[in-house]
Amino acid sequence: MLNIAFIVGKVGDPTYIQRKKIKVRAYKQSPQWLQKGIKPYTEFANGYGEHDNGIAGDIPTDVAIAAYINHYYSKTCKVTLFDGCQLVEEKGGLQLCNQMDVIFVIYGAAEILDDRGREAMRRFIAILKKTEATVIPSNSYYDYINSKIKYYKDLTHAGLPVAQSAGFRIKNITTLPQAQQFKDTILRKFGGKSVILKPGIGAYGVGLKIMKNVERTKQNSILKYFEKLQKKGYTHIIAQEFVRTFADNYEVRTYWVYDGRNKYKYAYSYASRINSSPSGISIDSFASEGGKMDDAILRNMKKLAQKALKATKPIDPPTPWLRIDIGCCLDNGKLEENGLFFVNEIETIGANLLVSKTKKDIIPLFSKAAYKIAKDYNKKRLHRTPMS
């Protein structure tokens, strides 16, 4: 029996099927696999225990993926869910992980850091490094993606469009003169360009600071920003050229699913940009996916994303899903007028989010990919020799 675990904890991205939000109790709207497969995991539904019968609330997408695998593959595998925070707060976390064959990390180090602090993140990372289970994404690939600056360098080396970037250690920047030194370095590296600062291991837009005019930015402002990050446990930041037209154009998140043959197949896209509406965001997609955007743009973005995959660190073991975010425009142009778009970010853990933005049946697609990887890599693990 194959033992699969998902480390979960994200509660802000509920399951949608055909763009309809599915709740635990909404059985009439749910497919059979969700109705039956979710039963062992109802405690992971938001709002559990607050309503009649103790079952209510949204179903996070990672929990829905576990439900699908539990329903269709229960004869060959057992699926366990670990709450990421509980895993590091309670004794025996490593022993629990060692009982698994394959562990998919969906709630990872960046989330632990944001929710529980740096010491908890260290314990979390230590568990995943010591466990006998196969961890997906691997610790080395997760560190590579989380550090960002590492894959930015690889993309730049491959000649792919990326905003100019540089990494900095901020742990010991505690005085105004040190803040001034940082400012001087930024001026040397970026000249008169505007710069955006973001935590090296951050996620979901946490801890961003824009320096539109570096020369006029006060040391005290820089120091206060660093102090705020240091209190949260951040030790590194990335400084990146602030693309002035980024907010005026759509940023496109392209989603990719592992095809079982060491390649990733395009799944769908989600495009968003800031506007002055009450929601503050405009949403669109490409014409072939029910939106208004030109499919020619999508074809070019898919080519760029595929080149980015080839230029960056090999993914071994493969992750079930990937997200490659593409922004516009490095030449201050417009997306619809063939402006120079660029690779903004690559995501693994956050790549199961926003399934509400497509009519495609994404949960089964993700679930089958995860099960296939778990089955294949468990076979490899069992056949390793003691010397390998």
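Described in the following lines is the structure provided in the data block.

Definitions and limits used
- Throughout this description, residue numbers start from 1 for each chain and increase along the sequence as written.
- Reporting of local features is limited, given that this is a predicted model, to residues whose pLDDT is at least 70; pairs of side-chain atoms are given and counted only at 80 or more, and all residues count toward the totals for whole chains, interfaces and linings.
- Based on all heavy atoms of the structure, the side-chain values leave hydrogens and waters out of the count.
- For every residue, the accessible area obtained with a 1.4 Å probe (protein chains only) is divided by the maximum for its type, and the residue is called buried under 20%, exposed over 50%, and partly exposed between those limits.
- Under the scheme used here, helices are H or I runs from DSSP no shorter than 4 residues and strands are E runs no shorter than 2 residues, and both carry numbers assigned from the N terminus.
- Should DSSP find at least two bridges between two strands, the strands are regarded as paired.
- Between the first and last residue of a helix there are one fewer steps than residues, each counted as 1.5 Å, and that sum is the expected span.
- Lines fitted to C-alpha atoms define the axes, with helix axes restricted to the stretch in contact, and inter-axis angles between N-to-C directions lie between 0 and 180 degrees.
- Should an angle lie under 35 degrees it is considered roughly parallel, over 145 roughly antiparallel, and from 65 to 115 roughly perpendicular; all remaining angles are considered oblique.
- Any two residues whose heavy atoms approach within 4.5 Å at even a single point are treated as in contact.
- Note that Gly is not counted as nonpolar here; it falls among the polar residues with everything else outside the nonpolar set of Ala, Val, Leu, Ile, Met, Phe, Trp, Tyr, Cys and Pro and the charged set of Asp, Glu, Lys and Arg.
- What makes a nonpolar core is a set of buried Ala, Val, Leu, Ile, Met, Phe, Trp, Tyr and Cys residues whose side-chain atoms join them at distances within 4.5 Å.

Attention now moves to the pairing of strand S11 (residues 251–258). Remember that side chains alternate between the two faces of the sheet whenever the strand is regular. Counting buried positions over the 8 residues of S11 gives 8, a clear majority of the element. Alternating positions in S11 separate into two faces, Glu 251, Arg 253, Tyr 255 and Val 257 on one and Val 252, Thr 254, Trp 256 and Tyr 258 on the other, with burial throughout. As judged from the 8 bridges shared by S11 and strand S12 (residues 264–274), these two strands associate in the antiparallel manner. Bridging from a neighbouring strand, Arg 253 pairs with Tyr 270 of S12. Taking the residues that link successive antiparallel strands as the turn, the S11-S12 hairpin has 5 residues, and the phi of Gly 260 there is positive, at about 85 degrees. The sheet contact formed by S11 and strand S14 (residues 321–328) spans 6 bridges and is antiparallel. Across the sheet, the residue bridging to Tyr 255 is Arg 323, located in S14.

This part is about helix H2 (residues 61–72). What sets the pattern is the α-helix's 3.6 residues per turn: residues three or four places apart point alike. With 12 residues, H2 should cover 16 Å at 1.5 Å per step; its first-to-last C-alpha distance of 17 Å lies within 8% of that length. Among the residues of H2, those classed as buried are Thr 61, Asp 62, Val 63, Ala 64, Ile 65, Ala 66, Ala 67, Tyr 68, Ile 69 and Asn 70.

Here we come to the packing of helix H9 (residues 176–190) against helix H10 (residues 219–232). Relative orientation of the contacting elements H9 and H10 amounts to 100 degrees, with a least axis distance of 9 Å. Judged by the inter-axis angle, H9 sits roughly perpendicular to H10. Where H9 abuts H10, its residues Leu 176, Ala 179, Gln 180, Phe 182 and Lys 183 lie against Gln 219, Asn 220, Ile 222, Leu 223 and Phe 226. Looking at the contact of H9 with H10 residue by residue, the class counts come to 6 nonpolar, 3 polar and 1 charged.

A separate point is the nonpolar core. One finds Phe 6, Leu 34 and Ile 69 to be the most contacted residues of the largest nonpolar core, which totals 77 residues. With 9 residues, helix H12 (residues 362–382) is the largest single contributor of residues to this core. Core analysis: the next-biggest nonpolar cluster, separate from the first, contains 45 residues, Phe 82, Leu 87, Leu 128 and Leu 223 among them.

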